[in-house]
Every structure is written in C-alpha cells, then in structure tokens.
Amino acid sequence: MCPTRALHEAPSLFDLDGDEGAGTPLPEGRLPSYIRDHRKRLRARFMQGGSAAMPDYELLELVLFRAIPRQDVKPLARRLLDSFGDFNRVITAPAHRLAEVQGVGDAVVQELKIVEAAAQRMARSKVLNCHVLSSWNALLDYCHTAMAHRETEQFRVLYLDRKNVLIADEEQARGTVDHVPVYPREVVKRALELNASALILVHNHPSGDPTPSDQDIIVTGQIQDAAQVMGITLHDHLIIGKSRELSFRAQGLL
C-alpha cells in the first residue's frame, strides 16, 4: 500500500512498499518547494543545534530523507513513532515489525538498521580493549544501546583479561520474550578458549523491568561456581531493562 501523501504533494513514482520505485525518477523541478524548503530547514537546524534541538519525529525525518528522497516523510515518521514509541525503539525494532508499518519498504528498513549498527559500534568502541571496571558508565551505555529495546531476551558474556580489559563480547544465546537458555559449561569453556580471567554476564528483560527472576539467580550461581573452579572471576551480572539496569553485585546477589 502506498504511503500517505501530504495534501498538496505533487504525484511521484513509488512502489507498493513505500520506497521509491524502479521507474524513471521525477525531475528535480517537480519536487514541491515546501518539501525542499522543509528539508533544508531541518538540516540547517540540526547542524546548528544537533539532535538536542530536535524532537524525535524530526530526527527520524532526517534519517528517512535518505531512504525516501522524493516524498514528504513526516507522516511516515509519525506512524513509526506511534507504532514503537520513541526514536530508539524505532531504529532498534526488528525488520519484520518495521515492514508492517504503512510506507516502510526495504530502503527505509536498511537506513534504520544502518543507524542502529552505527550507534552500537560507536558505543562498543568505547569499551573494547579498555579497562572495563574503570569505564563502567561507558559499559552500561553500550549494553543499553545494544540490548535495551530488543523484543526477545539475549544473553551476552563479556570476557576480560587479567587486567580487566575487555577482550571479547559474545552473544551466548537468544530466547523468547521472557526466557533465554543459558549453559554454564559453555560459558566457562569459552572463557578458557579465550584465556579470559574474568566475566561479566549481561542479559535483557524485554518487559522493561530488570528485576531478576529465580531462574536468573540460579543460573548466575551455577556460572559463578563453575568459573571459580577454573580460577575465573565473575565480576557481575547485569540485567538491562528499558530505562535502567540491575547489577547483581550492587544488589548483594554475588
């Protein structure tokens, strides 16, 4: 279904999934001046004030400009925010969920996923090969960027060397909306392969509430016991919620 067009927008050639079609693009002169001027103003305001000067829907418009260069994208930005809540949840939404929104096609999904990948890579670069315990806030930012808005549980293990420098960040398992299978033996086996001296466990709660379940506590204890036998320290287990995290160490659970 074609995306909603602004009332006075000139007709253009789009395919059925909302991105520009493969047909001949409209000449530049056919682009309505109000769209051209609006885009120019948004870009100028962004360059002058950065993202802090813009609400979520306008920042999202800037991203959509690249995917849909010949259309008013404000209605689509509004639909995406209505569907997912805020800018972060839009760019981290699964591709199949994004595609369900009217006007979203492959080009839009790709552009949003590029932004998500860039954000995760930038956050990860601040903690990789760094002393993790002295870069704790950067680590938390990375975990929230990578995991806070996932719709299913993911269990990650951060492997540290003798100086507590992060040497590997690996996904150990994925699960459902409220469960992820974790195998303590595999966690410790991988630590030995990497010659890691310490671990930090991280998983998310899609519900948004980082309160640990009984199973979370049991599995953490099993991993700690297995790691201690091999001389490996378990520094912490972080549960990432939508807007906050819970530390097993801080809560006295380790």
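Since the structure is predicted, the reported quantities are computational estimates derived from the model, not experimental observations.

Rules and cut-offs
- Residues numbered from 1 in each chain as written.
- Predicted model: local features only at pLDDT ≥ 70, side-chain atom pairs only at ≥ 80, totals over all residues.
- Heavy atoms only, no water.
- Salt bridge = Lys/Arg side-chain N within 4 Å of Asp/Glu carboxyl O.
- Helix = DSSP H or I, 4+ residues; strand = E, 2+ residues; numbered from the N terminus.
- Buried < 20%, exposed > 50% of the residue type's maximum accessible area, 1.4 Å probe, protein only.
- Expected span 1.5 Å × (residues − 1).
- Contact = heavy atoms within 4.5 Å.
- Pairing = 2+ DSSP bridges.
- Right-handed = clockwise from strand over helix to strand, strands pointing away.
- pLDDT = per-residue confidence, 0-100.
- Axes fitted to C-alpha atoms, helices over the stretch in contact; angles between N-to-C directions.
- Left-handed = near helix turned anticlockwise from the far one by under 90°.
- Nonpolar A, V, L, I, M, F, W, Y, C, P; charged D, E, K, R; others polar.
- Phe/Tyr/Trp six-rings, centres within 6.5 Å; stacked < 30°, edge-to-face > 60°.
- Lys NZ or Arg CZ within 6 Å of the ring centre and 35° of its normal.

1. Structural notes on the pattern of salt bridges
- For the structure shown, the criterion picks out 11 salt bridges.
- The partner of Glu-116 in a salt bridge is Lys-113, with the nearest N and O atoms 2.7 Å apart. Here Glu-116 pairs with Lys-113, and both are found in helix α6 (residues 106-125), just 3 residues apart, close to one helical turn.
- When its relative accessible area of 14% is taken as the criterion, Glu-116 is described as buried.
- A residue is classified by how much of its surface remains accessible, and Lys-113, at 23% relative accessible area, is partly exposed.
- Here Arg-190 ties to Glu-170 by a salt bridge, and the two come within 2.6 Å at their closest N and O atoms. Taken together, the residues span a long stretch of sequence, with Arg-190 in helix α8 (residues 184-193) and Glu-170 in strand β2 (residues 166-174) at a distance of 20 residues.
- Residue Glu-170 is classed as partly exposed on the basis of its relative accessible area, which comes to 23%.
- When salt bridges with common partners are traced through the structure, they connect Arg-97, Glu-100 and Glu-151 into a single cluster.

2. Section: helix α2 (residues 56-67)
- With 12 residues, α2 should reach 16 Å at 1.5 Å per residue; the first-to-last C-alpha distance of 17 Å fits that figure.
- A large share of α2 lies buried, amounting to 10 of its 12 residues.
- The complete set of buried residues in α2 reads Tyr-57, Glu-58, Leu-59, Leu-60, Glu-61, Leu-62, Val-63, Leu-64, Phe-65 and Ala-67.
- Those residues of α2 hidden inside the fold are in contact with α1 (33-49), α3 (74-84), α4 (87-92) and α6.

3. With respect to the pairing of strand β4 (residues 233-240)
- Summarising burial for β4: 7 of the 8 residues are buried, a large majority.
- As judged from the 7 bridges shared by strand β3 (residues 198-204) and β4, these two strands associate in the parallel manner. The partner of His-203 across the bridge, within β4, is Ile-239.
- With helix α9 (residues 214-229) bridging β3 and its parallel neighbour β4, the resulting β-α-β unit is right-handed.
- For β4 and strand β5 (residues 245-247), the ladder comprises 3 bridges, and the chain directions are antiparallel. When the bridges of β5 are listed, Leu-238 appears paired with Ser-247.

4. Regarding the confidence of the model for the protein
- Confidence in the prediction of the protein, expressed as mean pLDDT, is 83, and 85% of residues score 70 or more.
- Here residues 1-27 is a poorly scored stretch, pLDDT under 50, and it has 60 contacts once near neighbours within four places are set aside; other chains count.

5. Considerations on the packing of α1 against α2
- Remark: α1 packs on α2, axes separated minimally by 10 Å, with the N-to-C direction vectors making an angle of 115 degrees. Taken as a pair, α1 and α2 cross one another with a handedness that is left-handed. On α2, the residues that touch His-38, Arg-39, Leu-42, Arg-43, Arg-45 and Phe-46 of α1 are Glu-58, Leu-59, Glu-61, Leu-62 and Phe-65.
- Grouping the constituent residues of the contact of α1 with α2 by class yields 5 nonpolar, 1 polar and 5 charged.

6. Let's talk about the pairing of strand β1 (residues 154-160)
- Most of β1 is tucked away: 7 of the 7 residues are buried.
- Here β1 shows a buried face lined by Gln-154, Arg-156, Leu-158 and Leu-160 and a second buried face lined by Phe-155, Val-157 and Tyr-159.
- Pairing of β1 with β3, which is carried by 6 bridges, proceeds in the antiparallel orientation. Bridging across to β3, Leu-158 finds its partner in Ile-200.

7. Here's the deal with the packing of aromatic side chains
- In total, this model carries 0 aromatic pairs according to the counting rule given.
- Positioned above the aromatic ring of Tyr-57 is the side chain of Arg-78, whose terminal nitrogen or guanidinium carbon lies 3.8 Å from the ring centre.

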